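Each chain is listed here by its residues.
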Amino acid sequence: WVRLGKMAETELGDSGRAAVYYERSLATGRRALRAYRAICRVVPQQETLRLAGALRGFVQSSDEDETDATPRNDALYRLAEIDLGTPDTAGDGAKVLEQALDRAPDYDRALSLLAPAVHAAPADPTLVRVYERVARAVGGDALLLDALALSSALPGASLDALNDAVDLSRKLGDTSL
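Residues numbered from 1 in each chain as written. Predicted model: local features only at pLDDT ≥ 70, side-chain atom pairs only at ≥ 80, totals over all residues. Heavy atoms only, no water.

A.B. asks: It is not clear to me how a positive patch on the surface should be interpreted in this structure. Could you clarify?
C.D. replies: Residues R3, K6, R30, R31 and R34 make up a contiguous surface patch of positive charge. The residue R3 is located in helix α1 (residues 2–10) in this model. Classification of R3 as exposed rests on a relative accessible area of 61%. (Patch = residues over 30% accessible without salt bridge, like charges linked within 9 Å, V, L, I, M, F, W, Y side chains within 5 Å. Areas by Shrake-Rupley, 256 points an atom, 1.4 Å probe, with all protein chains shown as cover. Salt bridge = Lys/Arg side-chain N within 4 Å of Asp/Glu carboxyl O. Lys, Arg positive; Asp, Glu negative; His and termini not counted. Charge placed at Lys NZ, Arg CZ, Asp CG, Glu CD. Helix = DSSP H or I, 4+ residues; strand = E, 2+ residues; numbered from the N terminus. Buried < 20%, exposed > 50% of the residue type's maximum accessible area, 1.4 Å probe, protein only.)

Here it is in structure tokens:
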């Protein structure tokens, strides 16, 4: 399937047909890394659902023991980006982002993906939990205060979270809490 995809892509200039062949290769699990790289190259950005499906297939089929885990980690971050960009799948995106962070921490990248989603849905406990994790790792009192304020506003928030938010707010001279 990879060879057919390469032929469709290079000789026919048909990226749509090439994507279909690469997706089939991903589904079989054979040459998954080559197929993953190829599909990321040929699937247009506006076809994010199709790309998300291909990324999920690659992540599920790739070997945990691969010597170079970079493509799998990149696929996790790209999948998180796609899921976080849609309100219906933002919670799933936060979970995928956690997997990516557990495998290959890139907290600045995670923050850039997560911040818009968490501010669009500040009552989503999964988003807020991951945002707080990222804020603590990135550092910076203002960012952490933002995360703690969101966390302490959730139903069932712990008294510790609220106390941490108030203490940090006082330290920063922020009277918004």
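A.B. asks: I keep staring at helix α9 (residues 141–152) and nothing clicks. Help me out?
C.D. replies: Count 3.6 residues to each turn of an α-helix, and residues three or four apart come out pointing the same way. Taking 1.5 Å per residue as the helical rise, α9 with its twelve residues ought to reach 16 Å, and the 16 Å between its terminal C-alpha atoms agrees with that figure. The complete set of buried residues in α9 reads L143, L144, L145, A147, L148, L150, S151 and S152. On its buried side, α9 packs onto α7 (107–120), α8 (125–138) and α10 (159–172). (Expected span 1.5 Å × (residues − 1). Contact = heavy atoms within 4.5 Å.)

A.B. asks: Sorry if this is basic, but what is going on with the pattern of salt bridges here?
C.D. replies: Opposite charge on two side chains allows them to pair when their charged atoms are near. Going through the model one piece at a time under the given rule, you end up with seven salt bridges. A salt bridge links K171 to D141; the shortest N-O distance between them is 3.1 Å. Here the residue K171 occupies a position in helix α10, and D141 occupies one in helix α9, the gap between them amounting to 30 residues. Among the ionic contacts, a cluster of salt bridges with common partners joins E132, R136 and D164.

A.B. asks: I tried to follow the packing of aromatic side chains on my own but got confused; where do I start?
C.D. replies: Any aromatic ring pair is given by two values, namely how distant the centres are and how the planes are angled relative to each other. Tallied over the entire structure, the rule returns one aromatic pair. Each ring, one from W1 and one from Y21, has its centre 5.9 Å from the other, and the planes form 20°; the classification is stacked. A residue pair is termed long-range when its members are at least 10 positions apart, and W1 in the segment before α1 and Y21 in helix α2 (residues 15–28) qualify at 20 residues. Residue W1 is classed as partly exposed on the basis of its relative accessible area of 43%. (Phe/Tyr/Trp six-rings, centres within 6.5 Å; stacked < 30°, edge-to-face > 60°.)

A.B. asks: Is there a simple way to explain a nonpolar patch on the surface in this structure?
C.D. replies: Nonpolar side chains collect at one region of the surface, where W1, L4 and M7 lie side by side and expose about 290 Å² of accessible area between them. Topologically, L4 is positioned in helix α1. Judged by relative accessible area, L4 falls into the partly exposed class, the value being 38%.

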